[in-house]
Every structure is written in C-alpha cells, then in structure tokens.
Amino acid sequence: MFARFIISAVAVVLPLAIGTARAEDSKEKAASVKEEDGKHFDAEGNPTFKIENGVVDWYTFNGYRRYHADCHVCHGPDGEGSSYAPALAKTTRNIDYGTFLSIVAEGRKSVVGGKEVVMPAFGENKNVYCYLDDIYIYLRARAVGAAPRGRPPKKADKPEAATAYEASCMGG
Ligand code: HEC
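Quantities reported herein were computed from a predicted structural model and do not represent experimental measurements. (Residues numbered from 1 in each chain as written. Predicted model: local features only at pLDDT ≥ 70, side-chain atom pairs only at ≥ 80, totals over all residues. Heavy atoms only, no water.)

**Side note on the sheet that holds strand E1 (residues 34–36)**
Part 1 of the argument: Read from one edge to the other, the open sheet built from three strands follows the order E1-E2-E3, with strand pairing classed as antiparallel. At either margin of the open sheet sits one strand with a lone partner, and together these are E1 and strand E3 (47–48). (Pairing = 2+ DSSP bridges. Helix = DSSP H or I, 4+ residues; strand = E, 2+ residues; numbered from the N terminus.)

What follows is the structure, encoded as structure tokens:
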C-alpha cells in the first residue's frame, strides 16, 4: 500500500518536473498574437517572427544580418553550427528568451573533449546588444522551422520604431 503510494506519487511528480524544465518551442508557441510597430510578440509576450508568403518582418531580416556579422564565425552560417559551437538554429528551441539574453550578455565557458571552448560576453558590444531581440527572433524562426536557410528574399520595411530604438541604443 505504502509502496504503491510512492510509485504513483513519482509517476505524477516526474512528468511535471520534466515539463517545467524547459518546454520546447514550436511554430504554434511562436505564433504572433500581437504586433507593435512592426515587431511581433507571442502569447507569453516574448518577441517572435512573422513570416507570410515568404515576406519576413523587419526584425527577422535584421537578425539574419546581425547574426551573420557577429555570430556565424563560430556558430556557422544560418545557425547550422560548427565543430566549435552549437547549432543555434536547433538549440534555440530549448532556450527561452531570458536565458538567451543572459547567455549572450555574460558569455560562457566549458570544456568539450578536453579542450576549452569560449562563448564571448557581448554585454558591452553595442553592435550585438542593440540588436539582441532581432538575433533572437531570427534564430527562433530558424529553430522552429519557419525560416529556411539563406538570406530572406523579401522583407517588410524598417519600422520607424526600429530606427528610433537603434539611434537611442547606439548613441546612448
Ligand atoms: C568565438 C566564438 C563564438 C562567437 C563569436 C559566438 N559564440 Fe555563442 N557560443 C560559442 C561556444 C563555444 C558556445 C558553447 C559554450 C558552452 O557550451 O559553454 C556558445 C554558446 C552559445 C549559446 C548557448 C547555446 C546552447 O545550445 O546552449 C547561445 C545562445 C549563443 N552562443 C549565442 C551566440 C550569439 C547570439 C552570438 C552572436 C552575437 C554568438 N553566440 C557568438 C562560441 C561563440
């Protein structure tokens, strides 16, 4: 009786514990439910992409450019990864927005197969931190399978809000 109780308690608690660890992102979860000045947000209020008939929102496009300026040397073109750094076009599925921001701001170090690999901290680099949402949005689109490889052929116009934010972030 007691043993049975423990088993059923474990059976109930374990899936809950796994479920709260990190729910994998998907096209459904990443769906835009709100747009503010050309920037899209999912149901939880996290930044996301909007891709319709092959036209990407400005942030996805700009994220593509910024990723290829500052991240692809290690993480590979289109986020496909390299022998040195993980494929963000896949792993971003398992990294929530807040975690993504803190990893990129603070960097990381670990030892893989006996050698140290380094993810630099970009918290002081305006060319990265002023565009962190853009890069996240682009990688999120890649990671849930919404954006193909390569430069997005069609994009929305740059919103005025993006121009204003850029000026204050880069200048401030
Ligand atoms: C000098 C090489 C290098 C550059 C440049 C670089 N990274 Fe990394 N990044 C790494 C390495 C190596 C890791 C794995 C670190 C670890 O596991 O401790 C990593 C890990 C990450 C992770 C965690 C991924 C995971 O699967 O856990 C994220 C997110 C990330 N990088 C984002 C970025 C972004 C965004 C940029 C561009 C602004 C960038 N990185 C530029 C080397 C780099």
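Picking up after the structure, the text goes on.
**Remarks on the site of the ligand**
Part 1 of the argument: Cys 71, Cys 74, His 75, Ser 110 and Met 119 are the nearest of the 24 residues found near the ligand.
Part 2 of the argument: Between the ligand and Thr 91 there is a distance of 3.0 Å, counted from an oxygen atom to a side-chain nitrogen or oxygen.
Part 3 of the argument: Of the residues belonging to the shell around the ligand, the class tally is 18 nonpolar, three polar and three charged. (Near = heavy atom within 4 Å. Polar contact = N/O pair within 3.5 Å; in protein donor to acceptor, adjacent residues only side chain to side chain. Nonpolar A, V, L, I, M, F, W, Y, C, P; charged D, E, K, R; others polar.)

**A word on the coordination of the iron atom of the ligand**
Part 1 of the argument: Bound to the iron atom of the ligand are the protein donor atoms His 75 (NE2) and Met 119 (SD), situated 2.0 to 2.1 Å from the metal.
Part 2 of the argument: Around the iron atom of the ligand sit six donor atoms; with metal-centred angles ranging over 87 to 179 degrees, the donor geometry is octahedral. Of this pair, His 75 sits in helix H3 (residues 72–75) while Met 119 sits in strand E7 (residues 115–119); the two residues are 44 residues apart in sequence, bridging distant segments of the chain.
Part 3 of the argument: For Met 119, a relative accessible area of 21% puts it in the partly exposed group. (Donors = N, O, S within 2.8 Å, 3.2 Å for Na, K, Ca; no water. Tetrahedral: all angles 85-135°; square planar, octahedral: opposite > 155°, others 65-115°. Buried < 20%, exposed > 50% of the residue type's maximum accessible area, 1.4 Å probe, protein only.)

**Overview of the side chain of Arg 142**
Part 1 of the argument: Among the structural elements, Arg 142 can be located in helix H7 (residues 132–143).
Part 2 of the argument: The buried category is assigned to Arg 142, whose relative accessible area is 9%.
Part 3 of the argument: Separated by 3.0 Å, the side chain of Arg 142 and the backbone oxygen of Asp 78 make a polar contact.
Part 4 of the argument: Among residues more than four places away in sequence, those in contact with Arg 142 are Asp 78, Glu 80, Ala 89, Ala 147, Pro 148 and Arg 149. (Contact = heavy atoms within 4.5 Å.)

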